[in-house]
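For reference, the chains in residue letters:
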Amino acid sequence: QVQLVESGGGLVEAGGSLRLSCAASGNIFSLSRMDWHRQAPGKQRELVAFIRSNGDTWHADSVKGRFTISRDNAKNTVFLQMNSLKSEDTAVYYCRLVRPDTYGDYWGQGTQVTVSS
C-alpha cells in the first residue's frame, strides 16, 4: 500500500510562487510515474504535469513555462514549482502515483492553492 501526502498549498497573490510537495510511502516510488492533477470548483480534474521514472517530464500547455515538476527519489518526494501564478490556477492540487507493474494508481488527499487577483 502506498500513501501520498501533499503539502505546500496556500493563498498567494497573482504573479507569486508556490512549491508543492508530495511525499510517498513504500518502496516503488523511484520506479513509478508521478503526476500532479488539479480540480477547480465546478470543473473536471485535469492533468497538470507528470514525470516518469527516467526523469522525462510533460507539462500541460496552460502551465508550460510557469510550472516545473521534479522528483527526489532519495526522499520519495515529487515537487511542483509554480511561478507566475494566475487566478485560473486556483484549484485543489493532487499528486498521483502510477504503479510500474499493474498501472494501478494512488492519490493524495489534495492541497488547496488559491491565487488572488
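Caption draft 1: Up close: the overall build of the protein chain. What the protein chain contains, in helices and strands, is 0 helices and 11 strands. What you see in the protein chain, going N to C, is helices and strands ordered as β-β-β-β-β-β-β-β-β-β-β. Each principal axis of the C-alpha distribution contributes one length, and for the protein chain these read about 40 × 25 × 20 Å. A total of 117 residues make up the protein chain; the buried ones form 44% of that total.

Caption draft 2: Focus on the nonpolar core. In terms of nonpolar packing, the biggest core is built from 30 residues, with L4, W36, L80, M82, Y93 and L97 touching the most fellow members. Those elements giving two or more residues to this core turn out to be β3 (18-24), β4 (33-39), β5 (46-51), β7 (67-72), β8 (77-82), β9 (91-98) and β11 (111-116). Those residues in contact with L4 that sit more than four places away from it in its chain are C22, A23, A24, M34, C95, R96, L97, Y106, W107, G108 and Q109.

Caption draft 3: How the structure looks around the pairing of β9. Taken across its 8 residues, β9 has 7 buried, putting it largely inside the fold. Both β4 and β9 contribute to a ladder of 7 bridges, which runs antiparallel. Each bridged residue has a counterpart across the sheet, and for Q39 the counterpart in β9 is V92. With 3 bridges connecting them, β9 and β11 associate as antiparallel partners. In the sheet register, Y93 faces β11, and the bridge partner there is T111. As judged from the 3 bridges shared by β9 and strand β10 (residues 105-107), these two strands associate in the antiparallel manner.

Conventions used here
Each chain has its residues counted from 1, following the order in which its sequence is written. Only residues with pLDDT of 70 or above have their local features reported here, since the model is predicted, and side-chain atom pairs are shown and tallied only from 80 upward, although totals for entire chains, interfaces and linings are computed over all residues. Hydrogens and water are ignored here; the side-chain numbers use all heavy atoms of the structure. By the criteria applied, helices consist of DSSP H or I runs no shorter than four residues and strands consist of E runs no shorter than two, each listed in order from the N terminus. Exposed residues in this analysis have more than 50% of their type's maximum accessible area, buried residues have under 20%, and partly exposed residues fall in between, with area computed by a 1.4 Å probe over protein chains only. Within this scheme, the nonpolar core is defined by two criteria: the residues are buried Ala, Val, Leu, Ile, Met, Phe, Trp, Tyr or Cys, and they are joined through side-chain atoms within 4.5 Å. Two residues qualify as a contact provided that any one of their heavy atoms is within 4.5 Å of a heavy atom in the partner residue. By definition, two strands form a pair when at least two bridges between them are found by DSSP.

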